[in-house]
Amino acid sequence: MNVADDKTIVREYFNSTGFDRWRRIYGDGEVNKVQLDIRNGHQQTVDTVIGWLKDDGNLSELSICDAGCGVGSLSIPLAANGAKIYASDISEKMVTEAKDRALATLENAENTTFAVQDLESLSGSYHTVICLDVLIHYPQEKADEMISHLCSLAQSRIIISFAPKTCALSILKKIGSFFPGPSKATRAYLHRETDVVKILENNGFAIKRQAMTKTRFYYSRLLEATRK
Ligand code: SAM
């Protein structure tokens, strides 16, 4: 499968069955046990990022690009804390849902912009660029290009998450229990941390903070890197 195929499949998936599935997972309605586990794991990743940014104490001064924003799980709380948010996603349905949730939740949605755009075509310059749980949809070579492009948009900092390529996870993926259910419609790519760090370093960034979220069905390695 070539890279163009991956992207087309991912876009179509998140505009159809993937949209319904992930909107439910990233919501608060009833879901099955596996989906609940993934919901809780993902929320931990989101909470870690919010915690880091709040700890720095300057959230309201920041411009933040949330690339592959999904339904706005991160963008909306960051906007509620005063950050200027540029959120975008390749899936029109995800972006529409994110906008609706922002309007329903935020007292003032003026500091948020939502756009349907793949992250490879994003332009502009932001204090912080964040990309959570998107790289899992792309092979390493493509992920390298995506990370490099995101680095070029970041004035000071980039925060990314990915499913780490560890022995245990590779075995889980092989026996098919990783991301079980209909999400098997897309491939899940694992990435070696050393590869991701090398790309960040080659783009002039150094790792500052890191975290790992691990539940039964959700694995996400989170890296924050700042300009050297
Ligand atoms: N970052 C969000 C979060 O953590 O809540 C959403 C994560 S969801 C698993 C992956 C998202 O990445 C989907 O909304 C999908 O449409 C989006 N996506 C996939 N490939 C993309 C690309 N090339 N550019 C922008 N968004 C993309």
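Per an unreviewed UniProt entry, the protein goes by Magnesium protoporphyrin IX methyltransferase and derives from Anabaenopsis arnoldii.

**Q** In this structure, what is going on with the site of the ligand? I would like to understand it.
**A** Of all residues adjacent to the ligand, which total 22 residues, the nearest are His42, Gly68, Asp89, Leu132 and Tyr138. The contact in question runs from a nitrogen atom of the ligand to an N or O atom on the backbone of Leu119, over 2.9 Å. For the ligand, a nitrogen atom lies 2.8 Å from a polar atom in the backbone of Leu132. Taken by itself the ligand offers 600 Å² of open surface, and the protein chains cover 98% of this. A breakdown of the residues in the shell around the ligand according to their chemical character gives 11 nonpolar, seven polar and four charged.

**Q** What am I meant to see in the sheet that holds strand S6 (residues 205-214) here?
**A** Strand order in the open sheet made by the seven strands is S3-S2-S1-S4-S5-S7-S6, with mixed pairing throughout. At either end of the open sheet lies a strand with only one pairing partner, and these are strand S3 (112-116) and S6. Taking the axes of each pair of neighbouring strands and ignoring which way they run, one obtains an average angle of 15° across the sheet. The pairing of S6 with strand S7 (residues 219-227) spans nine bridges and is classified as antiparallel. Residue Arg209 lies in a different strand from S7, and its bridge partner there is Glu224. Packing against the sheet, helix H6 (residues 140-153) makes contact with strand S1 (63-67), strand S4 (126-131), strand S5 (154-162), S6 and S7, and its axis sits at approximately 150° to S5.

**Q** How should the environment of Lys54 be read in this particular structure?
**A** By the secondary structure assignment, Lys54 is in helix H3 (residues 33-56). Taking the relative accessible area as the measure of exposure, Lys54 reaches 46% and is therefore partly exposed. Taking C-alpha positions, Lys54 is 9.1 Å from Leu78, a pair spaced 24 residues apart along the chain. Excluding residues within four positions of it along the chain, Lys54 makes contact with Leu59 and Asn81.

**Q** Would you mind showing me how to read helix H5 (residues 92-105) here?
**A** In an α-helix, one turn spans 3.6 residues, which is why side chains three or four residues apart end up on the same side. With 14 residues, H5 extends 20 Å between its outermost C-alpha atoms, agreeing within 8% with the 20 Å of an ideal straight helix rising 1.5 Å per residue. Among the residues of H5, those classed as buried are Met94, Val95, Glu97, Ala98 and Ala102. In a view along the axis of H5, the buried residues occupy a sector of 160°, so they form one face of it. Counted as exposed and oriented over 90 degrees from the buried face of H5: Glu92, Leu103 and Ala104.

**Q** Looking at this model, I keep getting lost on the pairing of S4. Mind explaining?
**A** Working note: regular strand, side chains alternate between the two faces of the sheet. Among the six residues that make up S4, five are buried, leaving the element largely enclosed by the rest of the structure. Here S1 pairs with S4 via three bridges, running parallel. Residue pairing in the sheet places Ile64 in a bridge with Thr128 of S4. In this sheet, S5 lies alongside S4 in parallel orientation, the contact comprising five bridges. Bridge pairing in S5 links Ile130 to Ile159. Chirality of the crossover, the property in question, places the unit of S4, H6 and S5 among those that are right-handed.

**Q** It is not clear to me how the packing of helix H2 (residues 17-25) against H5 should be interpreted in this structure. Could you clarify?
**A** Think of two packed helices as two axes; the pair is described by the angle between the axes and how far apart they sit. Viewed as axis vectors pointing N to C, H2 and H5 meet at an angle of 30°, and their least axial separation amounts to 10 Å. Between H2 and H5, the angle falls in the class roughly parallel. When you trace H2 past H5, the crossing you get is right-handed. Seen from H2, the contacting residues are Phe19, Trp22 and Arg23; seen from H5, they are Lys93, Met94, Glu97 and Arg101. Residues belonging to the contact of H2 with H5 are distributed by class as follows: three nonpolar, no polar and four charged.

**Q** Please explain the packing of aromatic side chains as it appears in this structure.
**A** The way to describe two aromatic rings as a pair is by their centre distance and the angle between their planes. Counted according to the given criterion, the structure contains three aromatic pairs. Aromatic pair Tyr13 and Phe14: ring centres 4.9 Å apart, planes at 75°, arrangement edge-to-face. In this structure Phe14 comes out as buried when scored by relative accessible area, which is 11%. In this arrangement the basic side chain of Arg21 is found over the ring face of Trp22, its NZ or CZ atom lying 5.5 Å from the centre. In this arrangement the basic side chain of Lys142 is found over the ring face of Tyr138, its NZ or CZ atom lying 6.0 Å from the centre.

Cut-offs used in this document
- Residues numbered from 1 in each chain as written.
- Predicted model: local features only at pLDDT ≥ 70, side-chain atom pairs only at ≥ 80, totals over all residues.
- Heavy atoms only, no water.
- Near = heavy atom within 4 Å.
- Polar contact = N/O pair within 3.5 Å; in protein donor to acceptor, adjacent residues only side chain to side chain.
- Areas by Shrake-Rupley, 256 points an atom, 1.4 Å probe, with all protein chains shown as cover.
- Nonpolar A, V, L, I, M, F, W, Y, C, P; charged D, E, K, R; others polar.
- Pairing = 2+ DSSP bridges.
- Helix = DSSP H or I, 4+ residues; strand = E, 2+ residues; numbered from the N terminus.
- Axes fitted to C-alpha atoms, helices over the stretch in contact; angles between N-to-C directions.
- Contact = heavy atoms within 4.5 Å.
- Buried < 20%, exposed > 50% of the residue type's maximum accessible area, 1.4 Å probe, protein only.
- Expected span 1.5 Å × (residues − 1).
- Arc of directions from axis to C-beta.
- Right-handed = clockwise from strand over helix to strand, strands pointing away.
- Parallel < 35°, antiparallel > 145°, perpendicular 65-115°, else oblique.
- Left-handed = near helix turned anticlockwise from the far one by under 90°.
- Phe/Tyr/Trp six-rings, centres within 6.5 Å; stacked < 30°, edge-to-face > 60°.
- Lys NZ or Arg CZ within 6 Å of the ring centre and 35° of its normal.

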